[in-house]
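Listed below are the residues making up each chain.
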Amino acid sequence: MATVWRSQYAFARFFVGKTVRILNNASDLGARLKPESISIPLSRKYSNYAASPFVSKIQEQYEFEIVKNPPEWGYVERFLPLETVPQIKPKESYPSGWIAPKEEAKNLPYYIARNKNHQIPIYLEIGYRGQRKITKIKRIEGDIWLMNDLIKKYLKNKCNRYVETRVHEMGKFIDVKGDYVNILIDWAHAQGF
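Residues numbered from 1 in each chain as written. Predicted model: local features only at pLDDT ≥ 70, side-chain atom pairs only at ≥ 80, totals over all residues. Heavy atoms only, no water.

Q: What is the right way to read the packing of helix α4 (residues 144-159) against helix α5 (residues 181-191) from this model?
A: Each pair of packed helices gets described by two things: the angle between the helix axes and the distance between those axes. In contact at an axis separation of 11 Å, α4 and α5 are set at 120° when each is read in the N-to-C sense. Classified by the angle between their axes, α4 and α5 sit oblique to one another. In terms of crossing hand, the pair formed by α4 and α5 is right-handed. Contact with α4, carried on its side by M147, L150, I151, Y154, L155, K158 and C159, involves I183, L184 and W187 of α5 and no other residues of that element. Residues that form the contact of α4 with α5 fall into these classes: 9 nonpolar, no polar and 1 charged. (Axes fitted to C-alpha atoms, helices over the stretch in contact; angles between N-to-C directions. Helix = DSSP H or I, 4+ residues; strand = E, 2+ residues; numbered from the N terminus. Parallel < 35°, antiparallel > 145°, perpendicular 65-115°, else oblique. Left-handed = near helix turned anticlockwise from the far one by under 90°. Contact = heavy atoms within 4.5 Å. Nonpolar A, V, L, I, M, F, W, Y, C, P; charged D, E, K, R; others polar.)

Printed below as a string of C-alpha cells:
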C-alpha cells in the first residue's frame, strides 16, 4: 500500500469502485466512481530509473557538420597551452634575472638538472604549521655524497653554524634543515647549474 500512496494517482485509485461522499458537489453525493470517470493528467513523473520506460528513439536536436581544420580553429589555438616549454634563446642577460646554465657545469662529478621550466629545482617545504622548514634540492645526478659535503661546508662558512642534511640517494635529492633556498640558488648559479 505504501507504493500506491507515493504515486500521483494514489488518491484516485483509492476511491475507484467505492461509494464516496464528495462535499463540494451535492448532486454527486453517494455516486459510484468508475475508472473511466477519473480524469488524471497524462504527464507522468518517474521517480526512479526502474519505473521509467525504455528509450525508443533519440531525435537529434541540432544539425551539425563535422569539418577538419575549420578556419575558426586558429583563434582557439592561441588560447591552448603549449605542449612543451620552448628552448631559451641565448642572450647576454634576461630582463627577469634568469641565468642560463653553463657548459662547464656538465664536467663536474655532480650535476643539478633544470626542471621543464628551465629553473633550478631548489624548493622550500614548510610543515607543522610553519614550525619546520626544509630546503629540498632535487634532480641531482652524479656523486650526491660529494655534493652534500660541499653544501654543508658552504653553508657552514656562509651562516657560521652547522647545518643538518639528509641525502636520499635513490630519490636523487638532498634535504637541508632550515630555509636556505636563496643561498643555495646562488651557490648553484656559481657552480654553473
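Q: Which parts of the structure should I look at to understand the nonpolar core?
A: Nonpolar side chains in soluble globular proteins tend to be buried together. By size, the foremost hydrophobic cluster in this structure holds 21 residues, and its most contacted members are I137, M147, I151 and V176. Residues within four places of V176 in sequence aside, it is in contact with K133, I134, T135, I137, I151, L155, V163, E164, T165 and L184. (Core = buried A, V, L, I, M, F, W, Y, C linked by side-chain atoms within 4.5 Å. Buried < 20%, exposed > 50% of the residue type's maximum accessible area, 1.4 Å probe, protein only.)

Q: What exactly am I supposed to notice about unusual backbone geometry here?
A: Backbone phi values are negative for most residues with the exception of glycine, while trans is the configuration of most peptide bonds. Even without being a glycine, H118 presents a positive backbone phi close to 65°. Mapped onto the secondary structure, H118 falls in the loop between β1 (110-112) and β2 (122-127). The exposure class of H118 is buried, given its relative accessible area of 15%. Residue Y128 is not a glycine yet carries a positive backbone phi of 55°. Along the chain, Y128 falls in the loop between β2 and β3 (132-137). Y128 sits in the exposed class, given a relative accessible area of 60%.

Q: Hey, could you run me through the pattern of salt bridges in this one?
A: It is possible for side chains of opposite charge to pair when their charged atoms get near one another. Enumeration according to the criterion identifies 5 salt bridges in this entry. For E125, the salt bridge goes to K136, with nearest N and O atoms at 3.8 Å. Taken as a pair, E125 in strand β2 and K136 in strand β3 lie far apart in primary sequence, 11 residues in all. Residue K136 pairs with D175 through a salt bridge whose shortest N-O separation is 3.6 Å. Within this pair, whereas K136 is found in strand β3, its partner D175 is found in strand β6 (residues 173-177), the two being separated by 39 residues in sequence. Connected through salt bridges with shared partners, the residues E125, K136, R166 and D175 form a single ionic network. (Salt bridge = Lys/Arg side-chain N within 4 Å of Asp/Glu carboxyl O.)

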